[in-house]
Amino acid sequence: MSQSSPHLRLEQLVRHYAGAAAPAVDRISLDLPRGALLALLGPSGCGKTTTLRMIAGLEKPESGRILVGDRDVTALPPHKRHMGVVFQSYALFPHMTSVGNVAFGLEMQGVARAERGPRALAALELVGLSGFAQRKPRQLSGGQQQRVALARALAIEPDLLLLDEPLSALDAKLREGVRDEIRALQQRLGTTAVFVTHDQTEALAMADLVAVMNAGKVEQLAAPEEIFERPATRFVATFVGRAARIQGRLEAGGVLRTEGGAALRTHSSLAAGPVEAFLRPHRVRLLAPGEAAPTGMANVLDATLARRVYTGEIVALEANTPAGVITAELHAGTDGPWRELQPGSPMRLAFRDTDLLVFPAP
Amino acid sequence: MIGWLLALPALGVMGLAFLWPLAMLFRISLNRTTETGAMEVAVTGESYTRLLGDEFTWELIGNTLGLSGTSAAIAVAMALPVALMIRAASPRWRGLLALLAIAPLLVSGTARLVGWMAILGDQGMINVVLRWVGLTDAPIRMINNWTGVRVGLMESLMPYAVLVLLAGLGRLDSRLEEAAATLGANRFRTFIRVTLPLAAPALLAAWLLTLVLGISAFITPRLMGGGRVFVLATEIYNLALESVDWPAAAAMAMLLLGGLILLMLLRGGVGWLQGKRA
């Protein structure tokens, strides 16, 4: 990841679909260092799958370029791109065994017959399925099929590994395990990879870089922490993670004045005018009666509890404040004196000026 | 219960127009043909033994199977690219293309054969052009022989082949072909290694259906064969209306029916296998 020249570079990619007014992919550009894992994250229809398919060569961009290393692959058909693709539905060949599926790619890459078998088995071993080599896809569970698909894509030692929603067809229980396995394997082999997902947790947990996409454009390309803590746009702030919305006017000195009369300190350097701020529930502290706000917590709001949702580890307090409805999420075991609070109880909430993510009102 | 009641009219028509005549036909096949050629009421298998003992019958069976087998195979082979193209088309074109592919079914089979005569005949389009260009002196015979029958039969079978293939290929996931491409297979190898094996059950089903249709075809061999092409269907006609040997005609019809039922069972078996694989 230290090399300066990117392994994958997308330049101004554009793709329209017939009959659609807006482009599916609208001038997307990004660089990905060698060995890194990029997540394309966005709601359905944001163009993330189209972008992946264009990288794989399964769809042609109308304009723009795709470079792998210093090779321009924009005009190459998929079979000359040398990229391993794991499809959402796995797309295993039903008439071949697991090992046959994996060996197929090796055969197409021109690997000698004698070498194919051992290499295909080694790839299956890599995903922990060497005992299932002679099974047909329909004799495998969803998770096993997924791993055969991964082995098949990795066996050809691709220049780039592409995964289209690789976990969406799996049971929720399996998902986390497979997620970590894919990530560990990708890091061990040093494969540069791109994966598409609509699940923010998946993207944050797996990726080195996250590209948040909306309406065919990349809203922000950054490391997971950056995306979550310093969202570049209003869309990123609302799509990744949950947040309470506070509306008001920004005044000189970065003070946000709400209609309810609250004056909140922010870190914003925006010009004065109508703004919208977002506040993540886990950033909000509950103060005990008479307790002074801890140093650095510049904002304190008087509030009334509206609703209390206890889920074991976490308790969510939904409160009415002069800044609107704000939710505070506390660790039920350790945080704050929430147990005495009932709906209607007065309370005080505190948070830092940097906790407010401020954007111009739409 | 209601379902049975609603099905009654159709079952009635089937019974009256199909099963009853079939039973009559079977009964006639058991009658005896006397020396003078008259039909005598009896219960005997004489017509069957006479037919099966006649070399000409076996030649007819060979002719029929050879003609329909090859015509069906060519029809399916030619229908496959059409079906693949329709499948690859965007959804808005798919319906129209499928309709175009089966449009020949909307025209009477006889009219289409007359069309073929105008194209393939001695004074037909092809021969006129060939002579005009100077490639041939005498017309190439393309009708009133096996070639003409085969061309006509193949053309009439193709729409059915396209229909069966479309139904069969519809289940084939196009992601599989994409996966093959990303693994390094060019279009040809993808076709040979992925598309074709997965389409095999559909191809077999299409071949068996068109084979059955080809075996029972009567008008095409009759019109395009010009009396020189002998298959089971034309022979039944000859026996019944020219030799007026009804028991023999009925017996041959029963033999043909038995063969066709056997083939349909085979086709059912293929469909069952397909269902099991999917």
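Residues numbered from 1 in each chain as written. Chains lettered and ligands numbered in written order. Predicted model: local features only at pLDDT ≥ 70, side-chain atom pairs only at ≥ 80, totals over all residues.

## Details of the overall build of chain B
What chain B contains, in helices and strands, is twelve helices and two strands. In sequence order, the secondary structure elements of chain B are arranged as α-β-β-α-α-α-α-α-α-α-α-α-α-α. For chain B, the spread of C-alpha atoms along the three principal axes comes to 75 × 70 × 35 Å. Long-range contacts, defined as pairs at least 24 residues apart, comprise 71% of the intrachain contacts of chain B with a sequence gap of at least 6. (Helix = DSSP H or I, 4+ residues; strand = E, 2+ residues; numbered from the N terminus. Contact = placed C-beta atoms within 7 Å.)

## What to know about the interface of chain A and chain B
Facing the 16 residues of chain A at the interface are 15 residues of chain B. For the side of chain A that touches chain B, the secondary-structure elements that each account for two or more residues are strand S6 (83-86) and helix H2 (98-108) of chain A. Residue composition of the side of chain A that touches chain B, by class: eleven nonpolar, five polar and no charged. (Nonpolar A, V, L, I, M, F, W, Y, C, P; charged D, E, K, R; others polar.)

## As for the packing of helix H7 (residues 146-169) of chain B against helix H9 (residues 187-215) of chain B
All names here are of chain B. Following both chains from N to C, one finds H7 and H9 inclined at 145 degrees, their axes separated by 9 Å at the closest point. For the pair H7 and H9, the crossing hand works out as right-handed. Contacts between H7 and H9 involve Leu153, Leu157, Tyr160, Ala161, Val164, Leu165, Gly168 and Leu169 from the first element and Ala199, Pro201, Ala202, Ala205, Ala206, Leu209, Thr210, Leu213 and Gly214 from the second. Across the contact of H7 with H9, the residue classes break down as 14 nonpolar, three polar and no charged. (Axes fitted to C-alpha atoms, helices over the stretch in contact; angles between N-to-C directions. Left-handed = near helix turned anticlockwise from the far one by under 90°.)

## A look at the domain arrangement of chain A
What the domain assignment reports for chain A is domain 1 (8-232) and domain 2 (244-360). Relative to domain 2 of chain A, the C-alpha centre of domain 1 of chain A lies at a distance of 40 Å. (Domains from an automatic or database assignment.)

## Observations regarding the sheet that holds strand S16 (residues 299-310) of chain A
All names here are of chain A. Spatially, S15-S19-S16-S17-S18 is the arrangement adopted by the five strands of the open sheet, whose pairing is antiparallel. Either end of the sheet is taken by a strand with one partner, and the two such strands are strand S15 (285-287) and strand S18 (324-331). Across this sheet, the average inter-strand angle for adjacent strands is 45 degrees, counted without regard to direction. In the sheet, S16 pairs with strand S17 (residues 314-321) via six bridges, with the strands oriented antiparallel. For Leu305, the partnering residue across the bridge sits in S17 and is Ala319. (Pairing = 2+ DSSP bridges.)

## Overview of the packing of helix H3 (residues 113-126) of chain A against helix H4 (residues 142-155) of chain A
Residue and element names in this part refer to chain A. At their nearest, the axes of H3 and H4 sit 9 Å apart, and the two run at 130 degrees to each other. Here H3 is positioned oblique relative to H4, judged by the angle of their axes. At the point where H3 passes H4, the crossing takes the right-handed sense. Residues Arg119, Ala120, Ala123, Leu124 and Leu126 of H3 touch H4, and the partners they reach there are Ala151, Leu154 and Ala155. Taken together, the residues of the contact of H3 with H4 break down into seven nonpolar, no polar and one charged. (Parallel < 35°, antiparallel > 145°, perpendicular 65-115°, else oblique.)

## Comments concerning unusual backbone geometry
Peptide bonds are trans in most cases, and residues, glycine excluded, mostly fall at negative phi. All names here are of chain A. Phi at Tyr90 is positive, roughly 75 degrees, even though this residue is not glycine. In this fold, Tyr90 is placed in the loop between S6 and H2. With phi around 45 degrees, Glu165 is a residue other than glycine that occupies positive phi space. Inspection of the secondary structure puts Glu165 in the loop between strand S7 (160-164) and helix H5 (172-189). For Glu165, a count of 20 C-beta atoms within 10 Å corresponds to the buried category. (Buried ≥ 20, exposed ≤ 12 C-beta atoms within 10 Å, placed from the backbone.)

## Here's the deal with the sheet that holds strand S13 (residues 263-265) of chain A
Residues and elements named next belong to chain A. Overall, antiparallel pairing links the five strands, which are arranged S13-S12-S11-S14-S20 in an open sheet. Every interior strand has two partners, whereas the edge strands, S13 and strand S20 (357-360), have only one. Each neighbouring strand pair of the sheet contributes to a mean axis angle of 40 degrees, computed without reference to strand direction. Alignment of strand S11 (residues 244-251) against strand S12 (residues 255-258), held across four bridges, turns out to be antiparallel. Bridging from a neighbouring strand, Glu251 pairs with Val255 of S12.

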